[in-house]
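Residue-level structural notes
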Protein chains: 4
Amino acid sequence: MSLKEVQKEVDVWTKQFKIQYWEPYEILARLMEETGELAREINHIYGEKKKKSSEAKKELGEEMADIIFTLACLANSHNIDLDEYFKKVMDKCYGRDNNRYDRK
Amino acid sequence: MSLKEVQKEVDVWTKQFKIQYWEPYEILARLMEETGELAREINHIYGEKKKKSSEAKKELGEEMADIIFTLACLANSHNIDLDEYFKKVMDKCYGRDNNRYDRK
Amino acid sequence: MSLKEVQKEVDVWTKQFKIQYWEPYEILARLMEETGELAREINHIYGEKKKKSSEAKKELGEEMADIIFTLACLANSHNIDLDEYFKKVMDKCYGRDNNRYDRK
Amino acid sequence: MSLKEVQKEVDVWTKQFKIQYWEPYEILARLMEETGELAREINHIYGEKKKKSSEAKKELGEEMADIIFTLACLANSHNIDLDEYFKKVMDKCYGRDNNRYDRK
């Protein structure tokens, strides 16, 4: 699924509702919640209070997908094309950052 | 670009380096940094300390793409297929959450 | 209770345990969790998905106190005196930032 | 300095300005920024992209104090007494959580 399709799917689903997208600050607060839940999973898997969990990978995946959903809401409500900006990030990687780390 | 391609691109670029992916906690800390930078942009655009900026949309897009890059690193280092989990999120939307908000 | 006492109380309690303080990254991840929980409360009180709650103030207070506890752990495990640094913040307020906002 | 004094100091300084406290969402976004900056410091000190820094402790302390300042703004704008809630956290520690970790 392309980033554009991700954004489209979110748009189609949210279009059903009276308020299609929350206010930017509300989406941002939701992003904090989701990021916090990802942090909790990381502590469950790698931290002191470790819980052995066959579910670990699944839960990480779900939290990350929730973050992507939330980003798509923020992007859509600002007419931002994430594909375009992701391409820029990769350009920056191959440009400015290409000698940033030790090579093999 | 598909989520799979996003992950692939990140994989190809990072493969050049001795340490392909940071430790999970380091990636998580990076995600907090990037999320904090997105928060700063939101405050610049919508908050009291507003700075009028024709650059606003561009900067929001860039911060969001940085978050996606960081998520792709975390996903790749755990062999997580984001497409698969994003599909689950949309299934949850059309299932459990489909009557969560007021319809038009 | 002074910031020093806050730190002392946390120190006394944690001293009972084999591992007094988690690793810095684990404490940081916990801080993200707690910050995410505060964000959820803010959305409950002010956001679209508002739940009227007489408990609101109480819950905000509790989330903030959890953040302070977590900061005290990080500070203690680095021998950082928060009082000293808070004083610096106030000095910066009365110095550099004293003309930053419109006065009454 | 007590938590009450921390809150008082913040109150006295902010009282000079036309807008004493930002809106809750703006303060929350600021908290994300500050938390993100703390995360960057942690990565500087402990992460792959480590920069040896005699300044490390100082910078950690400053970021933590900025978080406390931001929390005090949120608390003050909601008439929340952080001392009261911190006491509750410590009660929870000695109650529910007192057997949570392995003792020495």
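A few points on the structure. Keep in mind the model is a prediction, meaning the values are calculated, not measured.

Overview of the interface of chain A and chain B
With 60 residues of chain A at the interface, the matching set in chain B holds 60 residues. Of the roughly 6,000 Å² buried between chain A and chain B on both sides combined, carbon and sulfur atoms contribute 70%. One can count three salt bridges joining chain A with chain B. One salt bridge connects B:Asp66 with A:Lys92, and the closest N-O pair in it is separated by 3.5 Å. The interface formed by chain A and chain B contains 24 residue pairs in polar contact (both at pLDDT 80 or more). Breaking the side of chain A that touches chain B down by element, the ones donating at least two residues are helix H1 (3–14), helix H2 (24–46), helix H3 (56–76) and helix H4 (82–94) of chain A. The element best represented in the side of chain A that touches chain B is H3(A), accounting for 14 residues. Counted by class, the side of chain A that touches chain B contains 34 nonpolar, nine polar and 17 charged residues.

Considering the packing of helix H2 (residues 24–46) of chain D against helix H3 (residues 56–76) of chain D
Residue and element names in this part refer to chain D. Their axes nearest at 9 Å, the elements H2 and H3 cross at an angle of 165 degrees. With respect to H3, the element H2 is oriented roughly antiparallel. The interaxial crossing formed by H2 with H3 has left-handed handedness. Each of Pro 24, Ile 27, Arg 30, Leu 31, Glu 34, Thr 35, Glu 37, Leu 38, Glu 41, Ile 42 and Ile 45 in H2 lies in contact with H3, whose residues at this interface are Ala 56, Glu 59, Leu 60, Glu 63, Met 64, Asp 66, Ile 67, Thr 70, Leu 71, Cys 73 and Leu 74. The class makeup of the residues in the contact of H2 with H3 is 13 nonpolar, two polar and seven charged.

Cut-offs used in this document
- Residues numbered from 1 in each chain as written.
- Chains lettered and ligands numbered in written order.
- Predicted model: local features only at pLDDT ≥ 70, side-chain atom pairs only at ≥ 80, totals over all residues.
- Heavy atoms only, no water.
- Contact = heavy atoms within 4.5 Å.
- Buried area = accessible area lost by both parts, 1.4 Å probe.
- Salt bridge = Lys/Arg side-chain N within 4 Å of Asp/Glu carboxyl O.
- Polar contact = N/O pair within 3.5 Å; in protein donor to acceptor, adjacent residues only side chain to side chain.
- Helix = DSSP H or I, 4+ residues; strand = E, 2+ residues; numbered from the N terminus.
- Nonpolar A, V, L, I, M, F, W, Y, C, P; charged D, E, K, R; others polar.
- Axes fitted to C-alpha atoms, helices over the stretch in contact; angles between N-to-C directions.
- Parallel < 35°, antiparallel > 145°, perpendicular 65-115°, else oblique.
- Left-handed = near helix turned anticlockwise from the far one by under 90°.

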